[in-house]
Amino acid sequence: MQTKIAILNGLVLSGGKSTRMGNDKGLIEYHGIPQREYLYSLLESLCDKTFLSIREEQHKELVSNFNCIVDRNEYRGPLNGILSAHKEYSENAWLVVACDLPLLNAHTLEKLISERDTNKVATAYATKNSSLPEPLITIWEPKGLQLAKEYMKTAESSCPRKFLINSDIKLVYPEKDEVLYNANSIKEYEFALNKLNS
């Protein structure tokens, strides 16, 4: 029996330290504006409500027209931001995207939403090449986040992919794997720019 479908919020994860890139990945401009703002605008057009996931000290950088959820620092890794959002709106589903996805576009997000399976723990993109879930471009259902919270109490690894691999999820494959490309270093940034400009 199908349960009530949870409202879908958007979450741009932009609270990481960006150590490999050397500067804040959320502030890099691939589309004429900081990447976190670009992704925020994409999610805003598709989700009920959209938020930036940030660290406390990032608040001063932001203009007031962005909804923000400050990391609670209760967990390690990307699940820190995702579960901080879940704590604020525990009955809502979250379409989570990382701020280091320069080739992500509205069409790719629309496809994920259209293939959402609310009976699963999550609906996750995976590349055709790996068939592994990409947890930072995934729709997390409320029950999935509750399970992730329980998982984190005893997990040796804070890797959200490991959690998804061992959970009842739906995988969705993009038309081209490259839309899921994440840029974490200067070299990857340059590759993404070349792709966007070609």
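See the structure shown above.
Read on for an overview of the structure. Note that the structure is a prediction, hence the values are computed from the model and not measured. (Residues numbered from 1 in each chain as written. Predicted model: local features only at pLDDT ≥ 70, side-chain atom pairs only at ≥ 80, totals over all residues. Heavy atoms only, no water.)

1. Re the overall build of the chain
Part 1 of the reasoning: On a plain count of helices and strands, the chain comes out with 6 helices and 7 strands.
Part 2 of the reasoning: Sequence-ordered secondary structure for the chain, helices as α and strands as β, is β-α-β-β-α-β-α-β-β-α-α-β-α.
Part 3 of the reasoning: Of all 198 residues assigned to the chain, the portion counted as buried reaches 48%.
Part 4 of the reasoning: Put simply, 69% of the contacts in the chain that link residues at least 6 apart link residues at least 24 apart. (Helix = DSSP H or I, 4+ residues; strand = E, 2+ residues; numbered from the N terminus. Buried < 20%, exposed > 50% of the residue type's maximum accessible area, 1.4 Å probe, protein only. Contact = heavy atoms within 4.5 Å.)

2. Structural notes on the pattern of salt bridges
Part 1 of the reasoning: What the rule picks out here adds up to 7 salt bridges.
Part 2 of the reasoning: Arg-116 is the salt-bridge partner of Glu-141, the closest N and O atoms lying 2.7 Å from each other. A residue pair is termed long-range when its members are at least 10 positions apart, and Glu-141 in the loop between strand S6 (133–140) and helix H4 (142–154) and Arg-116 in the loop between helix H3 (106–114) and strand S5 (122–126) qualify at 25 residues. For the pair Glu-141 and Arg-116, one class covers both residues: buried.
Part 3 of the reasoning: One salt bridge connects Glu-178 with Lys-195, and the closest N-O pair in it is separated by 3.0 Å. With Glu-178 in the loop between strand S7 (169–172) and helix H6 (186–197) and Lys-195 in helix H6, the pair connects residues that are 17 residues apart, well separated along the chain.
Part 4 of the reasoning: Judged by its relative accessible area of 34%, Glu-178 falls in the partly exposed class. (Salt bridge = Lys/Arg side-chain N within 4 Å of Asp/Glu carboxyl O.)

3. Examining the nonpolar core
Part 1 of the reasoning: By size, the foremost hydrophobic cluster in this structure holds 27 residues, and its most contacted members are Val-12, Leu-95, Val-97, Leu-109 and Ile-137.
Part 2 of the reasoning: For this core, the elements supplying multiple residues, two or more each, are strand S1 (8–13), helix H1 (35–44), strand S2 (49–54), strand S4 (93–98), H3 and S6.
Part 3 of the reasoning: Residue contributions to this core peak at 5 residues, all from H1.
Part 4 of the reasoning: Residues Ile-69, Val-96, Trp-140 and Leu-145 belong to the second largest nonpolar core, which totals 20 residues. (Core = buried A, V, L, I, M, F, W, Y, C linked by side-chain atoms within 4.5 Å.)

4. A few points about the packing of aromatic side chains
Part 1 of the reasoning: Under the definition given, this model contains 8 aromatic pairs.
Part 2 of the reasoning: Relative to Phe-66, the ring of Tyr-40 lies with its centre 4.8 Å away and its plane at 80°, an arrangement referred to as edge-to-face. Here Phe-66 lies in the loop between S2 and strand S3 (68–70) and Tyr-40 lies in helix H1, a separation of 26 residues in the sequence.
Part 3 of the reasoning: Ring centres 6.0 Å apart and planes at 10° place the aromatic pair Trp-140 and Phe-163 in the stacked group. Pair noted here: Trp-140 is in strand S6 and Phe-163 is in helix H5 (residues 160–165), with a separation of 23 residues, a long-range link.
Part 4 of the reasoning: What makes Trp-140 buried here is its relative accessible area of 0%.
Part 5 of the reasoning: For Phe-163, a relative accessible area of 5% gives the class buried.
Part 6 of the reasoning: One aromatic cluster is present, built from ring pairs that chain together Phe-51, Tyr-89 and Trp-94. (Phe/Tyr/Trp six-rings, centres within 6.5 Å; stacked < 30°, edge-to-face > 60°.)

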